[in-house]
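Geometric and topological summary
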Amino acid sequence: MEEEIVDSPNEWVAQHIRRFVETGGQARPGMNDLLLTTRGRKSGRLRRTALVYARDGDRYVLVASNAGADRHPAWYLNLVADPAATVQIGTETFAVTARIATPEEKPRLWRLMVATMPSYERYRETTDRDIPVVIVERTA
(Lines give C-alpha, C1' and ligand atoms only; values in the text may rest on other atoms or scores of the structure.)
Protein backbone atom coordinates (compact mmCIF):
# COMPACT_ATOMS: atom_id res chain seq x y z
CA MET A 1 0.00 0.00 0.00
CA GLU A 2 1.28 3.43 -0.96
CA GLU A 3 1.96 5.94 1.81
CA GLU A 4 -0.52 8.81 2.08
CA ILE A 5 0.70 12.26 1.03
CA VAL A 6 -0.68 15.23 2.96
CA ASP A 7 -1.09 18.44 0.96
CA SER A 8 -0.24 21.88 2.28
CA PRO A 9 -2.62 23.16 4.97
CA ASN A 10 -2.64 26.52 3.16
CA GLU A 11 -5.91 26.42 1.18
CA TRP A 12 -4.54 28.43 -1.78
CA VAL A 13 -1.58 26.07 -2.06
CA ALA A 14 -3.81 22.99 -1.66
CA GLN A 15 -6.04 24.26 -4.50
CA HIS A 16 -2.97 24.90 -6.62
CA ILE A 17 -1.77 21.33 -5.99
CA ARG A 18 -5.15 19.97 -7.09
CA ARG A 19 -5.07 22.09 -10.29
CA PHE A 20 -1.50 20.94 -10.94
CA VAL A 21 -2.49 17.28 -10.64
CA GLU A 22 -5.70 17.70 -12.68
CA THR A 23 -3.90 19.52 -15.51
CA GLY A 24 -0.81 17.31 -15.69
CA GLY A 25 1.39 20.04 -14.28
CA GLN A 26 -0.10 22.95 -16.24
CA ALA A 27 -1.89 24.73 -13.39
CA ARG A 28 -0.42 28.08 -14.47
CA PRO A 29 0.71 27.91 -18.10
CA GLY A 30 3.90 29.90 -18.59
CA MET A 31 5.02 29.43 -14.96
CA ASN A 32 7.60 26.90 -13.86
CA ASP A 33 5.68 25.12 -11.11
CA LEU A 34 6.59 21.86 -9.43
CA LEU A 35 5.26 19.75 -6.61
CA LEU A 36 7.72 19.01 -3.82
CA THR A 37 7.09 16.15 -1.41
CA THR A 38 9.17 16.09 1.77
CA ARG A 39 9.15 13.99 4.92
CA GLY A 40 7.70 15.95 7.85
CA ARG A 41 10.45 16.48 10.41
CA LYS A 42 7.99 16.20 13.32
CA SER A 43 5.19 13.99 12.00
CA GLY A 44 7.22 11.71 9.75
CA ARG A 45 4.40 11.98 7.18
CA LEU A 46 4.86 12.85 3.52
CA ARG A 47 4.06 16.54 2.94
CA ARG A 48 3.41 18.08 -0.49
CA THR A 49 3.58 21.70 -1.58
CA ALA A 50 3.64 23.62 -4.88
CA LEU A 51 6.60 25.88 -5.67
CA VAL A 52 8.02 27.98 -8.47
CA TYR A 53 11.36 26.75 -9.76
CA ALA A 54 14.10 27.73 -12.19
CA ARG A 55 16.49 25.45 -14.03
CA ASP A 56 20.22 25.78 -13.52
CA GLY A 57 21.68 23.22 -15.87
CA ASP A 58 20.43 19.85 -14.64
CA ARG A 59 19.50 21.29 -11.24
CA TYR A 60 16.28 22.85 -10.01
CA VAL A 61 16.39 25.99 -7.87
CA LEU A 62 13.81 26.91 -5.22
CA VAL A 63 13.42 29.87 -2.88
CA ALA A 64 12.27 29.39 0.72
CA SER A 65 10.55 32.80 0.75
CA ASN A 66 7.37 31.90 2.65
CA ALA A 67 5.97 35.03 0.93
CA GLY A 68 8.29 37.22 3.00
CA ALA A 69 7.19 35.88 6.40
CA ASP A 70 9.65 36.04 9.28
CA ARG A 71 9.85 32.25 9.55
CA HIS A 72 11.09 29.61 7.17
CA PRO A 73 8.47 27.53 5.34
CA ALA A 74 7.84 24.02 6.67
CA TRP A 75 9.03 22.39 3.44
CA TYR A 76 12.43 24.04 3.86
CA LEU A 77 12.77 22.92 7.48
CA ASN A 78 11.79 19.41 6.38
CA LEU A 79 14.55 19.42 3.75
CA VAL A 80 17.11 20.62 6.28
CA ALA A 81 16.15 17.66 8.49
CA ASP A 82 16.04 15.18 5.58
CA PRO A 83 17.31 16.32 2.15
CA ALA A 84 15.73 13.36 0.30
CA ALA A 85 12.52 14.37 -1.45
CA THR A 86 10.37 13.83 -4.51
CA VAL A 87 9.61 16.35 -7.23
CA GLN A 88 6.87 16.31 -9.86
CA ILE A 89 7.28 18.47 -12.95
CA GLY A 90 4.50 18.08 -15.46
CA THR A 91 3.55 14.42 -15.26
CA GLU A 92 7.05 13.20 -14.38
CA THR A 93 7.87 12.36 -10.76
CA PHE A 94 11.43 11.67 -9.59
CA ALA A 95 13.59 11.45 -6.47
CA VAL A 96 15.84 14.38 -5.58
CA THR A 97 18.36 15.42 -3.00
CA ALA A 98 18.32 19.00 -1.75
CA ARG A 99 20.97 21.30 -0.37
CA ILE A 100 21.21 24.95 0.54
CA ALA A 101 23.07 27.15 -1.94
CA THR A 102 26.49 28.17 -0.68
CA PRO A 103 27.22 31.87 -0.06
CA GLU A 104 29.21 31.84 -3.31
CA GLU A 105 26.36 30.32 -5.33
CA LYS A 106 23.49 32.26 -3.82
CA PRO A 107 23.82 35.71 -5.50
CA ARG A 108 23.68 34.28 -9.03
CA LEU A 109 20.88 31.86 -8.17
CA TRP A 110 18.92 34.58 -6.37
CA ARG A 111 19.08 36.73 -9.54
CA LEU A 112 17.89 33.73 -11.56
CA MET A 113 14.91 33.25 -9.25
CA VAL A 114 14.00 36.96 -9.21
CA ALA A 115 14.05 36.90 -13.03
CA THR A 116 11.68 33.92 -12.84
CA MET A 117 9.39 35.49 -10.23
CA PRO A 118 10.08 39.19 -9.48
CA SER A 119 7.98 39.16 -6.29
CA TYR A 120 10.84 37.34 -4.53
CA GLU A 121 12.67 40.66 -4.31
CA ARG A 122 9.67 42.23 -2.55
CA TYR A 123 9.51 39.27 -0.18
CA ARG A 124 13.19 39.79 0.71
CA GLU A 125 12.47 43.42 1.53
CA THR A 126 9.64 42.53 3.94
CA THR A 127 11.64 40.28 6.27
CA ASP A 128 14.84 40.42 8.29
CA ARG A 129 15.25 36.69 7.68
CA ASP A 130 17.91 35.57 5.23
CA ILE A 131 15.80 33.81 2.59
CA PRO A 132 17.47 30.53 1.62
CA VAL A 133 17.96 29.37 -1.96
CA VAL A 134 17.66 25.60 -2.31
CA ILE A 135 19.19 23.45 -5.02
CA VAL A 136 17.58 20.11 -5.82
CA GLU A 137 19.20 17.48 -8.01
CA ARG A 138 17.90 14.19 -9.32
CA THR A 139 19.01 11.24 -7.27
CA ALA A 140 21.06 8.74 -9.27
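Just so it is clear, the model here is predicted, and its values are computed rather than measured.

**Notes on the packing of aromatic side chains**
With the rule as written, the count across this model stands at five aromatic pairs. For the ring pair Tyr53 and Tyr60, a centre distance of 5.6 Å and an interplane angle of 70° mean the geometry is edge-to-face. Exposure class is identical for Tyr53 and Tyr60. Each is buried. Measuring from centroid to centroid gives 6.0 Å for Tyr120 and Tyr123, while their planes differ by 75°, and the two rings are edge-to-face. Of this pair, Tyr120 and Tyr123 both sit in helix α4 (residues 119-125), three residues apart, which is roughly one turn of the helix. Each member of the pair, Tyr120 as well as Tyr123, is classed as buried. Feature note: the residues Tyr53, Tyr60 and Phe94 constitute an aromatic cluster, connected by ring pairs. Over the ring of Phe94 we find Arg138; its NZ or CZ atom is 3.6 Å from the centre of that ring.

**A short note on helix α1 (residues 11-22)**
Across its twelve residues, α1 extends 16 Å between first and last C-alpha, which sits within 8% of the 16 Å expected from 1.5 Å per residue. Among the residues of α1, Val13, Ala14, His16, Ile17 and Phe20 are the ones counted as buried. Taken end-on, α1 shows its buried residues confined to a sector of 160°, consistent with a single buried face. Where α1 is buried, its residues contact β1 (5-7), β2 (33-39), β3 (46-52) and β6 (84-89). The N-cap residue of α1 is Asn10: its side-chain oxygen and the backbone nitrogen of Trp12 are 2.9 Å apart. Looking one or two residues beyond α1, the residue adopting positive phi is Gly24, at roughly 65°.

**Topic: the sheet that holds β6**
Read across the open sheet, the eight strands follow the order β1-β3-β2-β6-β7-β8-β5-β4; overall the sheet is mixed. Across the chains shown, the open sheet's two edge strands, defined by having one partner strand only, are β1 and β4 (54-56). Strand-to-strand twist in this sheet, taken as the mean axis angle between neighbours without regard to direction, amounts to 40°. In this sheet, strand β7 (residues 92-100) lies alongside β6 in antiparallel orientation, the contact comprising six bridges.

**Description of the pairing of β2**
Taking burial as the measure, the seven residues of β2 include six buried ones, the bulk of the element. Two strands pair when backbone bridges link them, and β2 and β3 are joined in this way by seven bridges, in the antiparallel orientation. Counterpart to Asp33 in the pairing with β3 is Val52. Between β2 and β3, which pair antiparallel in sequence order, lie six residues; one of them, Gly44, sits at a positive phi of approximately 75°. Sheet topology places β2 next to β6; three bridges connect them, and they run antiparallel. Paired with Thr37 across the two strands is Thr86, which belongs to β6.

**Description of the side chain of Asp56**
Its location among the elements puts Asp56 in strand β4. Within the structure, Asp56 has its side chain in polar contact with the side chain of Arg59 (distance 2.5 Å).

**A short note on the nonpolar core**
With 18 residues, the main nonpolar core has Leu34, Leu36, Leu62, Trp75 and Val134 as its most contacted residues. Elements with a minimum of two residues in this core: β2, β5 (59-63), α2 (74-81), β6, β7 and β8 (133-138). The residues contacting Leu34, other than those within four sequence positions of it, are Phe20, Thr49, Ala50, Leu51, Tyr53, Leu62, Val87, Gln88 and Ile89.

Basis of the calculations
- Residues numbered from 1 in each chain as written.
- Predicted model: local features only at pLDDT ≥ 70, side-chain atom pairs only at ≥ 80, totals over all residues.
- Heavy atoms only, no water.
- Phe/Tyr/Trp six-rings, centres within 6.5 Å; stacked < 30°, edge-to-face > 60°.
- Buried < 20%, exposed > 50% of the residue type's maximum accessible area, 1.4 Å probe, protein only.
- Helix = DSSP H or I, 4+ residues; strand = E, 2+ residues; numbered from the N terminus.
- Lys NZ or Arg CZ within 6 Å of the ring centre and 35° of its normal.
- Expected span 1.5 Å × (residues − 1).
- Arc of directions from axis to C-beta.
- Contact = heavy atoms within 4.5 Å.
- Polar contact = N/O pair within 3.5 Å; in protein donor to acceptor, adjacent residues only side chain to side chain.
- Pairing = 2+ DSSP bridges.
- Axes fitted to C-alpha atoms, helices over the stretch in contact; angles between N-to-C directions.
- Core = buried A, V, L, I, M, F, W, Y, C linked by side-chain atoms within 4.5 Å.

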